[in-house]
Amino acid sequence: MRKFSRQSRLSVVSCPHNEAAELALTESVKFVCSSGAVGSGIHLPAFRAAMERQPDFVASDAGTIDAGPYHLGVGRGAYATEALRHDLEILLTEVPKGTPVLVGSADTAGGDPHVDRMLDIIKDIVSQHGLKRRIAVIRSELDPAMLQNAYDDGRVVALDHAPALDRDGIGRSTRIVGMMGVEPLQEALQEDVDFILAGRCSDSALFAALPIMRGIPEGLAWHAGKIVECGTLTCETYGKGAMFGELFADHGIITPVGEGLRCTPQSVASHSLYENGDPYLHRESSGTLDITDAQFEQHDPVSVRISGARYIPADRPSIKLEGVEFAGYQSMLMGGIRDPFIIRQFDKWLAEVKEDVRQRAARLLGDVLSPKDWRIDTHAYGHNAVMGAREPSHAHPPHEIGLAFCLSAPTQELANKLAELSRQPLLHHPIPEWSGSITGFACLFNQAHVERGPYWRFSMHHVLLPTPDETVFRREILTLG
């Protein structure tokens, strides 16, 4: 068998597995993770196979801050309605009534409009199939006035690298959500519901809530949630399928269900480190998951046994805040550069193009647009667009560059005008090697610019320190059908 622990410093070593050392339990808690995100696609054959193991609950995340500030700002998620319906229909029709389903971070961002969008789909599915479901809806969008009062009391605290925030900044935010932990989910489960639809929520909390209620140690429950929340990404190779977990008093077994899927100690340990600044300590609303002494062993050819994680309760609960502020409108030109003379001096050429655009804007739009109210952002694909200054490889210059030239302004009309002013310099800005007029930028589209529309920026990377009598998350119970 293979085991991972901190002492091996992320290495995998061989060791015997002592079956006799396991604690004998009369009951375990079993669960299924249907997919990495509602809307990403549930693989029905694998899901049905996982359900044959009779889980105590089914859960799936439905959102992520990785999608950026746009979806929280605009009030609509990243997945097509048809994709959400496909997955929700499976969760509502394939999971037997009495087995709770937990879905968190509704429709990507978890705000009120995101919850409403998924709830409307759920209502339609229940009606179409003649189902009867008792549903808990937990909302996580927060009142700016409440947060302003908390800010005045010193209870809105910045995390590392947070943007500057003041009382007015809270008021300017288009939408703010708080990330719930297990407690609101557990309160809803006590209402004997069939389905929980939650706003912004810790991914791991979806899988930890019910096991903790059933007496599973918090460290093990949170760790299992951390491992499975992205579905089969925790496998050796990502593929179509579902994840099954069974938790006992001192260990858990994580098993992928799907053709060709396999978990190893290395793949599971690696996912334990995913999306976290500290490899061992994972902060949650009510405490910290500590996987310093976690062990990962090959249980069978496809499953991994986990143990050793512990949970350190916080002295005071904290709720992570995610807020976005409207930033303006954008238009973008995209095109390719193949001229070797431009590519050899690309940075100089691009700087001159930008300066040309700035001068044109000052001359032609100066009466309606201040220089501080607009900007140019560029990404040169093939020339450090992904890693920027951190790019380690400069040995071979590219033979072509794909350039995204983005203009941001207070209105869409002004962003479009800036894009129109940028077209000519991009096409024909000269370099010393040229004789005569040569076009060096090939536009991808005609018309040359594309309206990006409104955009938002993150305004918060903070936590709220709630008071004991403060209502942060709002719950309602619906009886459908």
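Rules of the game
- Residues numbered from 1 in each chain as written.
- Predicted model: local features only at pLDDT ≥ 70, side-chain atom pairs only at ≥ 80, totals over all residues.
- Heavy atoms only, no water.
- Helix = DSSP H or I, 4+ residues; strand = E, 2+ residues; numbered from the N terminus.
- Buried < 20%, exposed > 50% of the residue type's maximum accessible area, 1.4 Å probe, protein only.
- Contact = heavy atoms within 4.5 Å.
- Areas by Shrake-Rupley, 256 points an atom, 1.4 Å probe, with all protein chains shown as cover.
- Lys, Arg positive; Asp, Glu negative; His and termini not counted.
- Charge placed at Lys NZ, Arg CZ, Asp CG, Glu CD.
- Disulfide = S-S within 2.5 Å.
- Core = buried A, V, L, I, M, F, W, Y, C linked by side-chain atoms within 4.5 Å.
- 1 Å grid on protein atoms, 1.4 Å probe; cavity = no way out; pocket = protein on both sides within 12 Å on 5 of 7 lines; lining within 4 Å.
- Points joined across faces, edges and corners; volume = space filled by probe spheres on them.
- Nonpolar A, V, L, I, M, F, W, Y, C, P; charged D, E, K, R; others polar.
- Pairing = 2+ DSSP bridges.
- pLDDT = per-residue confidence, 0-100.
- Axes fitted to C-alpha atoms, helices over the stretch in contact; angles between N-to-C directions.
- Parallel < 35°, antiparallel > 145°, perpendicular 65-115°, else oblique.
- Left-handed = near helix turned anticlockwise from the far one by under 90°.
- Phe/Tyr/Trp six-rings, centres within 6.5 Å; stacked < 30°, edge-to-face > 60°.
- Lys NZ or Arg CZ within 6 Å of the ring centre and 35° of its normal.
- Expected span 1.5 Å × (residues − 1).
- Arc of directions from axis to C-beta.
- Patch = residues over 30% accessible without salt bridge, like charges linked within 9 Å, V, L, I, M, F, W, Y side chains within 5 Å.
- Salt bridge = Lys/Arg side-chain N within 4 Å of Asp/Glu carboxyl O.

Participant: I tried to follow the overall build of the protein on my own but got confused; where do I start?
Facilitator: Looking only at helices and strands, the protein has 13 helices and 22 strands in total. Across its three principal directions, the C-alpha atoms of the protein cover 85 × 50 × 50 Å. The buried share among the 481 residues of the protein stands at 53%. Contacts in the protein between residues far apart in sequence, at least 24 positions, make up 78% of those at least 6 positions apart. Carbon and sulfur atoms make up 50% of the accessible area of the protein, which amounts to about 22,000 Å² in all. For the protein, the distance from the average position of its 46 positive side-chain charges to the average position of its 62 negative side-chain charges is 3 Å.

Participant: Just checking my understanding: could you explain the state of the cysteines for this structure?
Facilitator: Under the counting rule described, the total for this entry stands at 0 disulfides. C201 takes part in no disulfide bond, and the closest cysteine sulfur, belonging to C33, lies 13 Å away. Here C406 is not disulfide-linked; the sulfur of C443 is the nearest cysteine sulfur, at 15 Å.

Participant: Help me understand the environment of C201, please; the structure alone is not making it clear to me.
Facilitator: Mapping C201 onto the fold places it in the loop between β9 (195-198) and α8 (205-213). Given the relative accessible area of 0%, C201 is considered buried. In this structure C201 touches G104, S105, M179, M180, L185 and L206, once residues within four positions along its chain are discounted.

Participant: Before we go on, may I ask you to explain the nonpolar core in this structure?
Facilitator: Taken as a class, soluble globular proteins show a tendency for nonpolar side chains to be buried jointly. Counting 62 residues, the largest nonpolar core has L147, L185, I196, I306 and L464 as its most contacted members. If we ignore the near neighbours within four places in the chain, the residues touching L185 are L102, I138, M180, I196, A198, C201, A205, L206 and A209. Membership of the second largest hydrophobic core comes to 34 residues, among which are V32, M118, L119 and I135.

Participant: Please explain empty space enclosed by the protein as it appears in this structure.
Facilitator: Leftover empty space is mapped by rolling, across the atoms, a probe with the size of a water molecule. The full count for this structure, using the stated rule, is 2 cavities of 30 Å³ or more. One number sums up the size of the largest cavity: a volume of about 70 Å³. Along the walls of the largest cavity sit T64, I65, G68, L72, T108, A109, V177, R200, E322 and F458, which together make up its complete lining. Looking at the lining of the largest cavity residue by residue, the classes come out as 5 nonpolar, 3 polar and 2 charged. Lining the second largest cavity are L91, L92, V95, P96, K97, G98, T99, V101, R133, D194 and F195.

Participant: Is there a simple way to explain the pairing of strand β13 (residues 287-290) in this structure?
Facilitator: Every other side chain in a regular strand lies on the same face of the sheet, so the side chains alternate between the two faces. Pairing analysis gives 3 bridges linking strand β12 (residues 281-283) to β13, with the strands arranged antiparallel. The partner of L281 across the bridge, within β13, is D290. Here β12 hands over to β13 after 3 residues, the two strands then running antiparallel side by side. Taken together, the 4 bridges between β13 and strand β16 (residues 310-313) define a ladder with antiparallel strand orientation. Paired with D290 across the strands is R310, a residue of β16.

Participant: Honestly, the confidence of the model for the protein in this entry has me stumped. Any pointers?
Facilitator: Predicted coordinates in regions of low pLDDT should not be interpreted in detail. Summarising the model, the protein shows a mean pLDDT of 93, and 95% of its residues fall at 70 or more. Confidence drops under a pLDDT of 50 for residues 1-26, and excluding neighbours within four residues, the segment shows 50 contacts in the predicted structure.

Participant: Teacher, can you tell me more about the packing of helix α3 (residues 81-94) against helix α4 (residues 112-129) here?
Facilitator: Each pair of packed helices can be described by the angle between their axes along with the distance between the axes. Axis separation between α3 and α4 bottoms out at 10 Å; the angle between their running directions is 55°. Classified by the angle between their axes, α3 and α4 sit oblique to one another. α3 and α4 meet at a crossing whose hand is right-handed. For the pair α3 and α4, contact is made by T81, L84, R85, L88, E89, L92 and T93 and by R117, M118, I121, I122, D124, I125, V126, Q128 and H129, respectively.

Participant: So what exactly am I meant to see when it comes to the packing of aromatic side chains here?
Facilitator: Both the distance between ring centres and the angle between the ring planes are used here to describe each pair of aromatic rings. Overall, the coordinates contain 7 aromatic pairs when judged by the stated rule. Relative to W349, the ring of F346 lies with its centre 5.9 Å away and its plane at 35°, an arrangement referred to as tilted. Pair noted here: F346 and W349 are both in helix α12 (residues 346-365), with a separation of 3 residues, about one helical turn. Each of the two residues, F346 as well as W349, counts as buried. The rings of Y70, F326, Y329 and W456 are connected pair by pair, giving a single aromatic cluster. Geometry around F244 places R53 over its ring, the cationic atom sitting 5.1 Å from the centre.

Participant: What am I meant to see in α12 here?
Facilitator: Count 3.6 residues to each turn of an α-helix, and residues three or four apart come out pointing the same way. Its 20 residues give α12 an end-to-end C-alpha distance of 27 Å, which sits within 8% of 28 Å, the value for a rise of 1.5 Å per residue. Buried within α12 are the following residues: F346, W349, L350, V353, K354, D356, V357, A361 and L365. Down the axis of α12, the buried set is contained in an arc of 155°. They therefore lie on one face. Along α12, exposed side chains directed more than 90 degrees from the buried face belong to D347, A362 and R363. Looking at the buried side of α12, the elements it contacts are β17 (319-337), α11 (340-344), β18 (375-381), β19 (401-409) and α13 (412-428).

Participant: Please explain the layout of surface pockets as it appears in this structure.
Facilitator: Quantified by volume, the largest pocket comes out at close to 980 Å³. In this structure, the largest pocket is lined by 31 residues; those nearest its centre are M179, E275, N276, R283 and K320. Elements that contribute at least two residues to the lining of the largest pocket include exactly β12, β17 and β21 (449-464). Of the residues contributing to the lining of the largest pocket, the split by class is 8 nonpolar, 11 polar and 12 charged.

Participant: Help me out: how do you make sense of the environment of D168 in this one?
Facilitator: Looking at the element boundaries, D168 is found in helix α6 (residues 167-172). Looking at D168, the relative accessible area reads 53%, which means it is exposed. For the pair formed by D168 and Q148, sequence separation is 20 residues and the distance between their alpha carbons is 8.3 Å.

Participant: Help me understand a nonpolar patch on the surface, please; the structure alone is not making it clear to me.
Facilitator: On the surface, a cluster of nonpolar side chains totalling about 310 Å² of accessible area is made up of L233, Y238 and Y274. Counting through the fold element by element, Y274 comes out in the loop between α10 (265-272) and β12.

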